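Examining the three-dimensional arrangement
Listed here are the chains, written in short residue letters.
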Amino acid sequence: MAPGHSDGYQVSADGVMLLARHDVRELLARFGSPLVVLQEEIVRAQCQAYSREIGKAPLARVYYAAKAFLTTGFCRLIEQEGLGLDVSSGGELATALSAWFPPERILMHGNAKTVPELELALAVGVSRIVIDNFAEIDRLDQLAAQADCHPRVLIRVTPGIKPATHAYVQTGQVDSKFGFNLGQDPSAPSAAEEAARRVLASARLRLGGLHCHIGSQIFDAQPFETAARTLMAFYAHLQQDLGANITELNMGGGLGIGYQPSDQPLTVAAHLETLRTAVLQAATALSVEAPELSDEPGRSIVGPAGITLYTVQSTKQIPGVRNYAAVDGGMTDNPRHALYQARHPVLAATRLHEAADTLWSISGRCCESGDMLAKDVALPGLQSGDVLAVLATGAYTYSMASNYNRVQRPAVVLAGPGRVDLLARRQTPEDLLRLDHIPAWLRTGDTPHES
Ligand SMILES: Cc1ncc(COP(=O)(O)O)c(C=O)c1O
């Protein structure tokens with residue numbers, strides 16, 4: 001299945017958007033606006049598109065990348081679908097644990113893991129920790145000694161590959177904050193090789209294999225193939241020249257999804273076939289046994305399933321310049337336009353049969369001109385109270401949400417056949433105030449004077 005937005009909704013006879021057959025007006029009446037709606041069938045179909053491929057050697061595991069979207073209820077869905085979970089912080093790990101996600105299916109990575117996060121990972125026994133830097137090798141070695149355990153680790157390798165995607169989501173290039181760099185020649189001395197030597201020298205750390213993630217929202221098979229071949233050359237070098245008893249290769253995530261009709265994402269099956277073929281061919285050519293292959297998709301699992309509903313609060317038309325429609329959300333619930341100039345499709349969700357004959361720019365409610373959700377999208381004439389649907393918002397929106405301007409986060413619901421359930425309730429002002437503290441000396445109303 002190709003991840004995309006076109007299959008993301010239905011339309012009633014009177015031109016109203018239905019999500020998993022639920023009328024968007026009823027969803028808003030019940031849960032309020034703005035509202036993030038995740039469609040269960042799409043999430044499950046995407047998970048199943050990945051798990052159908054598991055077991056076709058050498059693909060052995062798929063870890064859902066929690067960073068794309070995570071709540072406890074969503075963890076349960078991923079768990080039910082049989083995938084593993086990739087967490088990159090103590091918060092994501094705590095979320096998984098409180099949703100009874102089995103630690104033996106959890107992998108942890110991140111470029112700045114703290115001691116408490118690593119301690120928690122060791123204490124609960126996550127299955128793998130991806131080591132990102134030299135400091136972490138020493139830190140984890142000490143913590144493992146204190147905890148008297150032998151964690152299985154992977155080394156994150158930065159192969160020097162720059163896929164065609166937004167610069168902020170490129171991660172495999174030489175100039176990257178992530179991982180250990182590999183030189184042009186995978187058997188020449190490099191940071192990645194030095195990391196492997198140090199891990200191999202540790203009495204505590206068990207080197208299981210290599211990890212690599214070249215970036216996100218990638219449409220092209222070529223960089224994935226090149227990364228797999230590059231990693232395999234290094235994998236063979238570690239086995240053959242350093243005697244490393246390694247057995248696995250994790251190729252990270254990165255599969256792009258269709259945001260615009262012109263986008264042409266690879267299917268899940270085609271993407272995994274690219275990785276599989278590259279790994280198998282390289283293994284044969286390098287005379288090593290093929291490693292167990294794993295993948296870490298985030299966006300392609302949850303992105304197409306999400307639609308955010310907003311209510312237009314006001315409009316502003318500047319003749320000959322631009323038409324603005326301001327909604328009750330924005331960069332606080334979806335920072336993707338502000339961060340990456342991302343272009344999500346926008347529809348007038350209760351007026352789908354009307355001609356989209358006017359260009360509108362959809363602005364958010366924050367005190368920031370960059371707080372836009374879309375620029376110049378064709379919609380019918382808009383007015384206050386209209387409902388707008390922003391498509392393909394399941395990934396990297398709610399998980400990147402903020403409380404700028406003390407705007408509260410929207411509710412998130414899971415819409416399935418015949419049911420709609422909360423995954424996260426709407427934040428209240430009390431939720432924000434709960435974290436605040438007034439120092440005692442400021443409580444009285446007196447201002448301290450300098451003596
Ligand atoms: C290490 C790692 N793995 C997996 C992912 C998931 O990537 P995507 O959501 O593009 O599939 C990311 C996201 O950037 C990542 O940093």
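Calculation criteria
Every chain begins its residue count from 1, and numbering advances along the sequence as written. Reporting of local features is limited, given that this is a predicted model, to residues whose pLDDT is at least 70; pairs of side-chain atoms are given and counted only at 80 or more, and all residues count toward the totals for whole chains, interfaces and linings. Helix numbers and strand numbers start at the N terminus; a helix is a DSSP run of H or I with at least 4 residues, a strand a run of E with at least 2. For the radius of gyration, the atoms used are the C-alpha atoms, and the globule rule reads 2.2 Å times the number of residues raised to 0.38. What counts as a contact is two residues whose backbone-derived C-beta atoms lie within 7 Å of each other. In this description, a line fitted to the C-alpha atoms serves as the axis of each element, helices being fitted only across the stretch in contact, and the angle between N-to-C directions of two axes falls anywhere from 0 to 180 degrees. In what follows, roughly perpendicular refers to angles from 65 to 115 degrees, roughly parallel to angles under 35, roughly antiparallel to angles over 145, and oblique to any angle outside these ranges. Handedness of each helix crossing follows the sense of rotation of the near helix against the far helix: counterclockwise by less than a right angle gives left-handed, clockwise gives right-handed. Side-chain classes follow a simple rule in which Ala, Val, Leu, Ile, Met, Phe, Trp, Tyr, Cys and Pro form the nonpolar group, Asp, Glu, Lys and Arg form the charged group, and the remainder, Gly included, forms the polar group. A set of buried Ala, Val, Leu, Ile, Met, Phe, Trp, Tyr and Cys residues, joined to one another through C-beta atoms within 7 Å, is what we call a nonpolar core. Burial in this document is a count-based property: other C-beta atoms within 10 Å of a residue's C-beta are tallied, and the residue is buried at 20 or more, exposed at 12 or fewer, or partly exposed in between, with C-beta positions derived from the backbone. The domain boundaries here were taken from an automatic or database domain assignment. If DSSP finds at least two bridges between two strands, the strands pair. Multiply 1.5 Å by the residue count of a helix minus one, and that product is the helix's expected span. An arc is given here, and it is the one of the directions from the helix axis to the C-beta atoms.

Scanning the protein chain for helices and strands turns up 13 helices and 21 strands. Taking 451 residues into account, the globule formula puts the C-alpha radius of gyration at 22 Å, and the protein chain, at 24 Å, falls close to it. Taking the principal axes of the C-alpha coordinates as reference, the protein chain spans close to 70 × 70 × 45 Å. Sequence-distant contacts in the protein chain: of pairs separated by 6 or more residues, those separated by 24 or more amount to 69%.

The subject of this paragraph is the packing of helix α7 (residues 191-201) against helix α8 (residues 221-242). Taken N-terminus to C-terminus, the directions of α7 and α8 make an angle of 45°; their axes are 12 Å apart at the nearest point. As far as their axial angle goes, α8 and α7 are oblique. Classified by chirality, the crossing of α8 by α7 is right-handed. Taken together, the residues of α8 that come into contact with α7 (itself represented by Ala-192, Ala-196, Arg-197 and Leu-200) are Phe-234, Leu-238 and Leu-242. Partitioning the contact of α7 with α8 into residue classes produces six nonpolar, no polar and one charged.

Leu-388 and Ala-389 are the most contacted members of the largest nonpolar core, which has 126 residues in total. Looking at this core element by element, the count peaks at eight residues for α8. For this core, the domains that each give at least three residues are domain 1 (10-38 + 303-431) and domain 2 (109-297).

A few words on the domain arrangement of the protein chain. The domains assigned to the protein chain are domain 1 (10-38 + 303-431) and domain 2 (109-297). For domain 1 and domain 2, the distance between their C-alpha centroids amounts to 36 Å. Taken together, the contacts link nine residues of domain 1 with five residues of domain 2. Of the residues in the side of domain 1 that touches domain 2, the class split is six nonpolar, two polar and one charged.

Let's shift gears to unusual backbone geometry. Going from Ser-33 to Pro-34, the amide bond is cis rather than trans, its omega being -5°. Along the chain, the position of Pro-34 falls in the loop between α1 (24-31) and β4 (35-39). Ala-57 connects to Pro-58 through a cis peptide bond whose omega is 0°. If you trace the backbone, Pro-58 turns up in the loop between α2 (40-51) and β5 (59-65). At Gln-341, a residue that is not glycine, the phi angle is positive and equals roughly 55°.

It is worth spelling out the sheet that holds strand β1 (residues 10-11) at this point. Spatial ordering of the open sheet is given by β1-β2-β3, a layout of three strands whose pairing is antiparallel. Of all strands in the sheet, those bounded by a partner on one side alone are β1 and β3 (22-23). Alignment of strand β2 (residues 17-19) against β3, held across two bridges, turns out to be antiparallel. Across the sheet, residue Leu-18 finds its bridge partner in β3, namely Asp-23.

Attention now goes to helix α6 (residues 134-147). Look at α6: 20 Å from first C-alpha to last across 14 residues, which is about the 20 Å you get at 1.5 Å a residue. Within α6, the full set of buried residues consists of Glu-136, Ile-137, Leu-140 and Ala-144. Buried positions in α6, seen along its axis, are confined to an arc of 105° and lie on one side of it. The outward face of α6, more than 90 degrees from its buried face, is lined by the exposed residues Ala-135, Asp-138 and Gln-146. Elements in contact with the buried residues of α6: α5 (115-124), β8 (128-131) and α7. Asp-148 lies just past α6 and shows a positive phi near 50°.

Attention now moves to the environment of Leu-242. Note on placement: Leu-242 falls in helix α8. Taking the number of C-beta atoms within 10 Å as the measure of exposure, Leu-242 has 13 and is therefore partly exposed. Sequence separation of Leu-242 and Leu-200 is 42 residues, and the distance between their C-alpha atoms is 8.8 Å. The residues touching Leu-242, leaving out its near neighbours within four places in the chain, are Ala-196, Arg-197 and Leu-200.

Now for helix α4 (residues 90-98). Buried within α4 are the following residues: Glu-92, Leu-93 and Ala-96. Axial view of α4: buried residues confined to an arc of 100°, hence all on one face. Every exposed residue of α4 that faces more than 90 degrees away from the buried side is listed here: Gly-91 and Ser-98. Lining the buried residues of α4 we find α3 (72-80), β6 (84-87), β7 (106-108) and α5. Phi turns positive one or two residues past the end of α4, at Trp-100, with a value near 55°.

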